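Fold and geometry: a report
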Amino acid sequence: HPADEPRVGWVEGTAILVAVLAVVFTNAINDYQKEAQFKKLNAKKEDRVVKLLRGGKEKQINISEINVGDILLLEPGDILSVDALFIDGHNLACDESSATGESDTMKKTTDDKGDCFILSGSKVLEGVARVVVIAVGEHSFFGKTMMSMRDTGTEVTPLQAKLDILAEQIAKLGFAAAVTMLIVLIIKYFITASLQPEFPPGADIAAAIISIVIQAITIIVVAVPEGLPMAVTMALAFATTQMLKDNNLVRVLAACETMGNATAVCSDKTGTLTQNKMTVVEGSLAEKTFSKADDAKNWYKEVDKNVSELLFESIAINSTAFEGKDEKGQDAFVGSKTECALLGLTKGLGYDHEKTRHNTKKVKVYPFASQRKTMTTVIEINDGSAKTTEKAKCRVHTKGASEIVLSSCTQYIDEKGNVHKLDQEATTKFENVINEYAEKALRTITLAYKDLSDAQVKKMSDDEPPLDNLVVIGIVGIMDPLRPGVVESVQAFRNAGVFVRMITGDNLTTAKAIARNAGIFTKGGVALTGPEFRELSREEQMKIVPRLQVLARSSPTDKTIVVDCLQKQDQVVGMTGDGTNDGPALKMADVGFSMGIAGTEVAKEASDIILMDDNFNSILKALKWGRAVNDGVRKFL
């Protein structure tokens, strides 16, 4: 450098070092924050409650507070986080494939030939049971497996993998361009040099070649998009953080980007579109009716005491809900919202369901199953049981989907406790009640019973409930109002080019009424029941799915059929689900949404995003953030 100028040779090298350090530290800090964020997300995912017995009472506690010796209460959909021993229960069947690799369903029993061990990580497929905890945390089977996987790295998301391929292609193109330019410039230099009067000396040639090589290297450095993965990761990390604030717990990073491309959303009704705060508002029980919740007390005075006792016994015994504490620590019923509504009716009439449960021995329990849409409990009749016109050893109590239970009935009971034949006139009367409630967007539940002799008890199946020759007790209408903002969200989805469909277990009339109120069921749309949809040929299903807006009385199988049909038509599908049997549909959908509150652990494991508030409006926020990620990546590219 000239003697009268400062030394500036160090500036270029220092600038390069600063740039390298800036990129390295940005990536390192982002990776650290991302890891910290995922630790928080995983901690939130594991922050769930379980039901157990303590001090002789049913309670809900955090999963981290389970101790060896606790008595856990298992229901379909639960995933065990502890090792346990089967004590007693009904038809308990577990999927232990995650632990043993065997796909066979394992029946649990205390028989000598049976299996009474339940491994952590097992999924409860059916039945109910009480089990005693024998190992927790890192001492359990699942815990030992998780400890052994602690050092494994995180997988690259599909979006990142695609962008890595793109970055590699850009780098190869840049390298090819640099080599081409290097060759062209060298040829040009020597041709130009040969045309001059004097050929340049070796030192000049070397300086010129070095200059050309530096230009080529510059092109390679500029072409390699080392900032692309960092930009995408930052966009995804920011989006998932914001989505968590909007009550969306993202389990799979790529789900953000995929949701941005969604063209169809298939949503459950109960708890997602509606508030899942159910109350019995109307009833037609033992030939007497009430049209407001407050009028139930008048009904109670009008019917015979044995009739009301029979109804209360049916509600108290044929239920898994119990009285405990809600999220705010206030006294409330915990469990199925439908069962909570029924128990709320009995409590309002001064009935003590706990006393009945304590004094009644259950012979068999057939838990609610989406295939049959009923729950049935068989009890031994004792001196404290409700009195009926027949004398028998056992009694069957059933509740469930109105038309399904009604079709299994051959008699009905009146306000005096007398049993009458269910002729065509009486059947039509009950069907009109069901339709009347359904048109008011009420969920209808039919309650029925029958007394069994010793011979009939011995003939009972372990798998299928005795749903024949039942006696109708009555029908109740349960209100579950729409969530605030659902109508606006449905319209926003429609404006964004996303088609919303409602899939529900309710009957068709109720489903259409609610879908119409929510703005989902519109003119030109199609509403079908699950059985009707399944009876269609594959070609007919593919034709009708684009216009299908409501699918009532659906089963989990129907969800997978709908998803498959839409994906075959190049639709990007978002699916919501909360039950164990929703797992396949959630896995099959491009983005699976499970319910953080009402969802089973199987559904959560199968999903990509967990709705922490079970709210349909949160799906719209997920769509917005998904599109924000897409827009950000597109702008960067």
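The rules behind each value
- Residues numbered from 1 in each chain as written.
- Predicted model: local features only at pLDDT ≥ 70, side-chain atom pairs only at ≥ 80, totals over all residues.
- Heavy atoms only, no water.
- Core = buried A, V, L, I, M, F, W, Y, C linked by side-chain atoms within 4.5 Å.
- Buried < 20%, exposed > 50% of the residue type's maximum accessible area, 1.4 Å probe, protein only.
- Helix = DSSP H or I, 4+ residues; strand = E, 2+ residues; numbered from the N terminus.
- Contact = heavy atoms within 4.5 Å.
- Expected span 1.5 Å × (residues − 1).
- Polar contact = N/O pair within 3.5 Å; in protein donor to acceptor, adjacent residues only side chain to side chain.
- Phe/Tyr/Trp six-rings, centres within 6.5 Å; stacked < 30°, edge-to-face > 60°.
- Patch = residues over 30% accessible without salt bridge, like charges linked within 9 Å, V, L, I, M, F, W, Y side chains within 5 Å.
- Areas by Shrake-Rupley, 256 points an atom, 1.4 Å probe, with all protein chains shown as cover.
- Salt bridge = Lys/Arg side-chain N within 4 Å of Asp/Glu carboxyl O.
- Axes fitted to C-alpha atoms, helices over the stretch in contact; angles between N-to-C directions.
- Parallel < 35°, antiparallel > 145°, perpendicular 65-115°, else oblique.
- Left-handed = near helix turned anticlockwise from the far one by under 90°.
- Nonpolar A, V, L, I, M, F, W, Y, C, P; charged D, E, K, R; others polar.
- UniProt positions renumbered as here; feature names shortened; annotations may be inferred.

Ranked by size, the top nonpolar core spans 44 residues in total, and within it M259, F493, M502, I520, F593, F616 and I619 carry the most contacts. Considering each element in turn, this core owes the most residues, 7 residues, to helix α23 (residues 616–636). Apart from the residues lying within four places of it in its own chain, the contact partners of I520 are L273, V490, R494, V500, R501, M502, A515 and Q549. Grouped together as the second largest cluster of nonpolar side chains are 32 residues, L285, W299, C340 and L349 included.

Turning to α23, a few remarks are in order. If you check α23, its first and last C-alpha atoms are 31 Å apart, about what 21 residues at 1.5 Å a residue would give, namely 30 Å. Among the residues of α23, those classed as buried are F616, N617, S618, I619, L620, A622, L623, G626, V629, N630 and V633. The N-cap of α23, judged by a side-chain oxygen 3.0 Å from the amide nitrogen of N617 a few residues on, is N615.

This part is about the packing of aromatic side chains. Within the structure shown, the criterion is met by 5 aromatic pairs. A centroid spacing of 5.5 Å and a plane angle of 80° characterise the contact between Y189 and F190, whose relative ring orientation is edge-to-face. Among the residues examined, F190 registers a relative accessible area of 33% and is labelled partly exposed. Connected via pairs of aromatic rings, a cluster forms that spans Y300, F312 and Y351.

With that settled, the discussion passes to unusual backbone geometry. Leaving glycine aside, a negative phi is the common case for residues, and trans is the common case for peptide bonds. Backbone geometry places K373, a non-glycine residue, at a positive phi of 55°. Relative to the helices and strands, K373 resides in the loop between β14 (362–369) and β15 (374–380). Even without glycine at this site, R553 takes up a positive phi of about 45°. Looking at the element boundaries, R553 is found in the loop between β23 (548–552) and α20 (556–568). On the basis of relative accessibility, which here comes to 11%, the residue R553 falls in the buried class.

Here we come to a nonpolar patch on the surface. A cluster of nonpolar residues, F175, V179, I183, I187, I191 and L195, forms a patch on the protein surface that exposes about 590 Å² of accessible area. Assignment of secondary structure puts V179 in helix α4 (residues 158–195). For V179, a relative accessible area of 32% translates into the label partly exposed.

For the pair helix α10 (residues 305–317) and helix α11 (residues 337–348), the least separation of the axes is 9 Å and the interaxial angle reads 140°. The angle between α10 and α11 falls in the class oblique. Handedness of the α10/α11 crossing: left-handed. Note on element contacts: α11 touches α10 through L342, L343 and T346, opposite F312, I315 and A316. The class makeup of the residues in the contact of α10 with α11 is 5 nonpolar, 1 polar and no charged.

Okay, helix α17 (residues 508–518) next. Of the positions making up α17, those classed as buried are T510, A511, A513, I514, A515 and A518. One side-chain oxygen at the N-terminal end of α17 lies 3.1 Å from the backbone nitrogen of T509; it belongs to N507. Directly after α17, the chain includes G519, whose backbone phi takes a positive value near 85°.

Under the present numbering, the feature "transmembrane region" (unreviewed entry) in UniProt falls on residues 13–30, 170–191 and 203–224. What you have in residues 203–224 is 95% helix and 0% strand, and the ends, taken at the C-alpha atoms, are 32 Å apart.

This part is about the side chain of H353. Along the chain, H353 turns up in helix α12 (residues 353–359). Contacts of H353, omitting those with residues within four sequence positions, involve A316, E323, F333 and L343.

As a further point, take the packing of helix α14 (residues 424–439) against α17. Two elements in contact, α14 and α17, have axes whose closest approach is 7 Å; the angle formed by their N-to-C orientations is 15°. As far as their axial angle goes, α17 and α14 are roughly parallel. As α14 packs across α17, the resulting crossing turns out to be right-handed. Of the residues in α17, those touching α14 at N435, A438 and E439 are T509, T510 and A513.

Counted by the stated rule, this structure contains 21 salt bridges. The salt bridge partner of R395 is E313, with a shortest N-O separation of 2.9 Å. Highlighted residues: R395 in strand β16 (residues 394–401) and E313 in helix α10, separated in sequence by 82 residues. What makes E313 buried here is its relative accessible area of 3%. Here E323 and K347 are joined by a salt bridge, their closest N and O atoms 2.5 Å apart. Of this pair, E323 sits in strand β12 (residues 322–325) while K347 sits in helix α11, and the two are 24 residues apart along the sequence. Ionic contacts of the salt-bridge type, sharing partners, join the residues K107, E126 and D463 into one network.

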